[in-house]
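Observations on chain architecture
Spelled out, the chains give:
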Protein chains: 2
Amino acid sequence: MNSYQNLSMSEQKAEYGAVRARFEAFKSRGLKLNIARGVPSKEQLDLSQRVLTDLTAPEDYFADGVDTRSYGLSDGLPCAKAFFAELASAPAENVIVGGNSSLNMMYDAVMRTMLFGIGGCEPLVKQGRLKWICVVPGYDRHFAICEQMGIEMVTVPMLADGPDMDAVEELVRDPQVKGIWCTPKYSNPDGTTYSDAVVRRMAGLKPAARDFRVYWDNAYCIHDVYGEGDRLAPIYPLAVEQGNPDLVLQFMSTSKISFPGAGVACLIAGPNDARDIRRLLAVQTICPDKTNQLRHVRYFRNAAFLKEHMKKHAEIVRPKFDAVLNALDAGLGGQDYVRWSRPKGGYFICLWVMPGTARRVVELAAEGGVTLTDAGATWPLHRDPDDSVIRIAPTRPEVAEIAAAAELLCVAVRLAALEKLMGQ
Amino acid sequence: MNSYQNLSMSEQKAEYGAVRARFEAFKSRGLKLNIARGVPSKEQLDLSQRVLTDLTAPEDYFADGVDTRSYGLSDGLPCAKAFFAELASAPAENVIVGGNSSLNMMYDAVMRTMLFGIGGCEPLVKQGRLKWICVVPGYDRHFAICEQMGIEMVTVPMLADGPDMDAVEELVRDPQVKGIWCTPKYSNPDGTTYSDAVVRRMAGLKPAARDFRVYWDNAYCIHDVYGEGDRLAPIYPLAVEQGNPDLVLQFMSTSKISFPGAGVACLIAGPNDARDIRRLLAVQTICPDKTNQLRHVRYFRNAAFLKEHMKKHAEIVRPKFDAVLNALDAGLGGQDYVRWSRPKGGYFICLWVMPGTARRVVELAAEGGVTLTDAGATWPLHRDPDDSVIRIAPTRPEVAEIAAAAELLCVAVRLAALEKLMGQ
């Protein structure tokens, strides 16, 4: 079938009737599916159940010379620091291990910079107008932090190999620009992994503001789904090499390795920032939950073990990604106003529909029983200027459900496109 | 023996020689004891080991219709809200259950008020000079939060039945006064429990600042050591009754019920504050660790079960409190320049030594191998104007060690007093 723009008006009308009928048939199936959020399935969570059960006796909870059940070590358990240090190719003394949420650690990092400043600079709250670089499409929860803090968001497009670094380098010449959100591997939602060249340029930025930081949300660092997946260059050594040891605040977690709500998160800072953050953190809390840090380290041991563990996740996730991609190929192949990502890992497939129709597609999908992430969510303030990005999060439901949801999505994409073309 | 002030100079000199000899004898024993921080002993932690081991199968982690291992419920698990609501005599919808640290929840509450305001008021960072009421002696970590935030601390003395409420009522007429720290039961360090009348007056405050809040750190709400212990009136109903539903931010935790580093903490706010905090919190984190919330609720069930559990703690703690009190009675009885508390629960015994000698006592104790909380720690900015308060935290070491530490402490108190009297 020709792409819809190339149809005559009468062909569009005929096609509209056919697609509408398919849509109504879907509706009558009474689907109730949700592919809105990047959440592992129960089967994936069960892979790590031993994390929760391996430590039993009181003595099992002793490590690094302390009883992890008790107070102390506000920046985390040494063995947990070492665990994340290996993953990040950074020194363990730069690692601060926290609670279950890397988002919380990002939020707190921004909050501290607002209230106390970073790198010896004035608190951001005293600096007037503040700006932040947001790579688009991006992660809604990153943008929500800026929105809550009253920080103006400036967008930079994602290219095939990462953010448009020419644009980033230009923007950081503005001293009001204080940060950039990055999800460098299998970026949310488009699945892009930053190339070595992009990582090197990011690590070598020479921002006008001494308190500018790269917020490096390495959420999917080892979350490969197809084969060996993509390779991401470790940023810390590249920052040090280019004279920027304190440029990057890196975040990692086991949220999608073990449990989304009960994993362990960390922050990896430069040496000066790590020292300053530790000092502030010691007033905020006596310690994170070290028992959960120990549970994770005891079970996952090291990067080599983790890699094997992630293969089990991949076995579960791959058929789900395949189901979406097969449905998109079958349902939208040849429609050249639409394209989608084919990531080698992470949690999302990104769909760019006919400009001006994303909201309508989400609305139609909801009508057909499939909940998608809100259209616009991948842009600051929920404003996708092209109204074209749709994020698909296929990990939680069963394969058959995902196939059905993706099939309906294709019908919704076609229907919205026809409505648009026909001026409805 | 006469109290030292009543001795003649030659008697003082003779006594100094005798006490100095006892001190040297202690030193030669090479003690290495720590009674500085309020930390449960390993034996106490082991009482709750089943919290960590009772839930094993994946299905054990399902509750309230969710898989607690996964994302969701940024303000906590409903059954955990109900658990704390019962303890606080407050509605479950006012409860926000968090991670392992009530201190972190207090810090975040102050941080939010600084950055975003509370009760619809301007953020504190935009309000210029800020003041906070600190009941003295008090908890060093409360004061450290004010210090870090740049908030001026105004002290109010603790009386026999709680803070000097005349002084508090006078101070809150100042619109720059934004909060008060309270540990209403078994107050840290002096062990005072606020009387019903004091709780009622606190709950009925009419502060000039609409964004003034009572920070009610109910850390030792059921931590009775002797008999039935003290009774603390629940503050929430009294605040509502007096037209102040949003006056109090109450904090509780299981830190000294289960595990200091791996328990569950909560914040109980008024209805409007709870709504506003929830909205802000949903940006800060996707959720707290709900698995740990569930572990605690499943094991501890309700207030009645908890009460029985706390009796086991009391059995372990009581001989330690007794050891300190017996040593103080034996070692300092008759010395009328010194007094100490006899709390019915909590974690501390407070000692008021001869004014101007507390620092020296701590120094001498350290020389003799016993680490005490820093003198001054119980006052804002570590400045005890009388240099007389010493906090004793006897829960962690063995009874025999505590007896030895307290005995040495008595010798140090005497030695420092004699040095002072003799003008050394």
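Residues numbered from 1 in each chain as written. Chains lettered and ligands numbered in written order. Predicted model: local features only at pLDDT ≥ 70, side-chain atom pairs only at ≥ 80, totals over all residues.

1. Considerations on the overall build of chain A
Each helix and strand counted, chain A has 14 helices and 15 strands in total. Taken over the C-alpha trace, chain A has a radius of gyration of 23 Å; the compact-globule value for 424 residues is 22 Å, and the two agree within 12%. The principal-axis extents of the C-alpha atoms in chain A amount to approximately 75 × 55 × 35 Å. Looking at chain A as a whole, 55% of its 424 residues are labelled buried. The long-range share in chain A, meaning contacts at least 24 apart out of those at least 6 apart in sequence, stands at 77%. (Helix = DSSP H or I, 4+ residues; strand = E, 2+ residues; numbered from the N terminus. Rg over C-alpha atoms; globule rule 2.2 N^0.38 Å. Buried ≥ 20, exposed ≤ 12 C-beta atoms within 10 Å, placed from the backbone. Contact = placed C-beta atoms within 7 Å.)

2. Remarks on the sheet that holds strand β4 (residues 95-97) of chain A
Residue and element names in this part refer to chain A. Read across the sheet, eight strands follow the order β4-β11-β10-β9-β8-β5-β6-β7 without closing on themselves; strand pairing throughout is mixed. Sheet topology places β4 and β7 (162-163) at the edges, where each strand pairs with a single neighbour. With two bridges joining them, strand β6 (residues 152-159) and β7 adopt antiparallel strand pairing. By the bridge assignment for β7, Leu159 is matched with Gly162. (Pairing = 2+ DSSP bridges.)

3. Some details on the packing of helix α13 (residues 358-367) of chain B against helix α14 (residues 399-421) of chain B
All names here are of chain B. Where α13 meets α14, the axes come as close as 8 Å, and the angle between the chain directions of the two elements is 130°. Classified by the angle their axes make, α13 and α14 are oblique. As for the relative orientation of α13 and α14, their crossing is right-handed in sense. Along the contact surface, α13 presents Arg360, Val361, Leu364 and Ala365, while α14 presents Leu408, Leu409, Ala412, Val413, Leu415, Ala416 and Glu419. Each residue belonging to the contact of α13 with α14 can be placed in one class, and the counts come to nine nonpolar, no polar and two charged. (Axes fitted to C-alpha atoms, helices over the stretch in contact; angles between N-to-C directions. Parallel < 35°, antiparallel > 145°, perpendicular 65-115°, else oblique. Left-handed = near helix turned anticlockwise from the far one by under 90°. Nonpolar A, V, L, I, M, F, W, Y, C, P; charged D, E, K, R; others polar.)

4. Remarks on the domain arrangement of chain A
All names here are of chain A. Annotation of chain A at the domain level lists domain 1 (4-44 + 307-421) and domain 2 (49-306). Averaged C-alpha coordinates put domain 1 and domain 2 at centres separated by 31 Å. Taken together, the 26 residues of domain 1 in the interface contact 30 residues of domain 2. Here the element with the most residues in the side of domain 1 that touches domain 2 is helix α12 (residues 303-332); it accounts for eight residues. Each residue belonging to the side of domain 1 that touches domain 2 can be placed in one class, and the counts come to 16 nonpolar, five polar and five charged. (Domains from an automatic or database assignment.)

5. As for the relation of the copies chain A and chain B
What relates the pair of chain copies is a rotation about an axis plus a shift along that axis. Laying chain A over chain B is done by rotating through 180° and shifting 0.0 Å along the axis; what remains is an RMSD of 0.0 Å. Such a combination of rotation and displacement between the chain copies is what one expects of a two-fold axis. Across chain A, the rotation axis passes nearest the C-alpha of Thr53 of chain A, at a separation of 3.4 Å. Comparing interface residues between copies, 100% of those in chain A also lie at the interface in chain B; the contact surface is shared. (Least-squares fit on C-alpha atoms with pLDDT ≥ 70 in both.)

6. A closer look at the environment of Thr373 of chain A
Residue and element names in this part refer to chain A. Note that Thr373 resides in the loop between β14 (370-371) and β15 (389-392). Separated by 337 residues in the primary sequence, Thr373 and Ala36 have C-alpha atoms spaced 4.2 Å apart. Contact partners of Thr373, with chain neighbours within four places excluded, come to Ala36, Arg391 and Ala393.

7. With respect to the sheet that holds strand β12 (residues 339-340) of chain B
All names here are of chain B. Within the open sheet, the three strands sit side by side as β12-β13-β15. Their pairing is antiparallel. Every other strand in the sheet has two partners, leaving β12 and β15 (389-392) as the edge strands with one partner each. With four bridges joining them, strand β13 (residues 349-352) and β15 adopt antiparallel strand pairing. Paired with Trp352 across the bridge in β15 is Val389.

8. A few points about α14 of chain B
Residues and elements named next belong to chain B. Given a rise of 1.5 Å per residue, 23 residues ought to cover 33 Å, and the 33 Å separating the end C-alpha atoms of α14 matches this to within 8%. Burial analysis of α14 places 17 of its 23 residues in the buried class, which makes it a mostly covered element. One or two positions beyond α14, positive phi appears at Gly423, with a value near 70°. (Expected span 1.5 Å × (residues − 1).)

9. Section: the interface of chain A and chain B
Counting residues at the interface gives 43 residues for chain A and 44 residues for chain B. Counting residues per element, the ones that place at least two in the side of chain A that touches chain B are α2 (42-46), α3 (49-53), α5 (102-116), α6 (140-149), α10 (271-284) and α11 (290-300) of chain A. The element best represented in the side of chain A that touches chain B is α5 of chain A, accounting for six residues. Within the side of chain A that touches chain B, the residues separate by chemical class into 21 nonpolar, 16 polar and six charged.

10. As for the packing of helix α1 (residues 9-28) of chain B against α14 of chain B
Helix-helix packing is described using two parameters, namely the angle between the two axes and the distance between the axes. Residues and elements named next belong to chain B. Between α1 and α14, whose axes approach to 9 Å, the crossing angle comes to 145°. In the crossing of α1 with α14, the sense of the turn from one axis to the other is left-handed. On α14, the residues touching Gln12, Glu15, Tyr16, Val19, Arg20, Arg22, Phe23 and Phe26 of α1 are Leu408, Val411, Arg414, Leu415, Leu418 and Leu421.

11. What about the environment of Gln49 of chain A?
All names here are of chain A. Its location among the elements puts Gln49 in helix α3. Under the C-beta neighbour-count criterion, Gln49 is labelled partly exposed, with 18 such atoms within 10 Å. It is 28 Å that separates the C-alpha atoms of Gln49 and Asp230, two residues lying 181 residues apart in sequence.

12. Section: the environment of Arg396 of chain B
All names here are of chain B. Within the element layout of this structure, Arg396 appears in the loop between β15 and α14. A count of 22 C-beta atoms within 10 Å places Arg396 in the buried class. Not counting residues up to four positions away in its chain, the partners in contact with Arg396 are Val39, Pro40 and Ser41.

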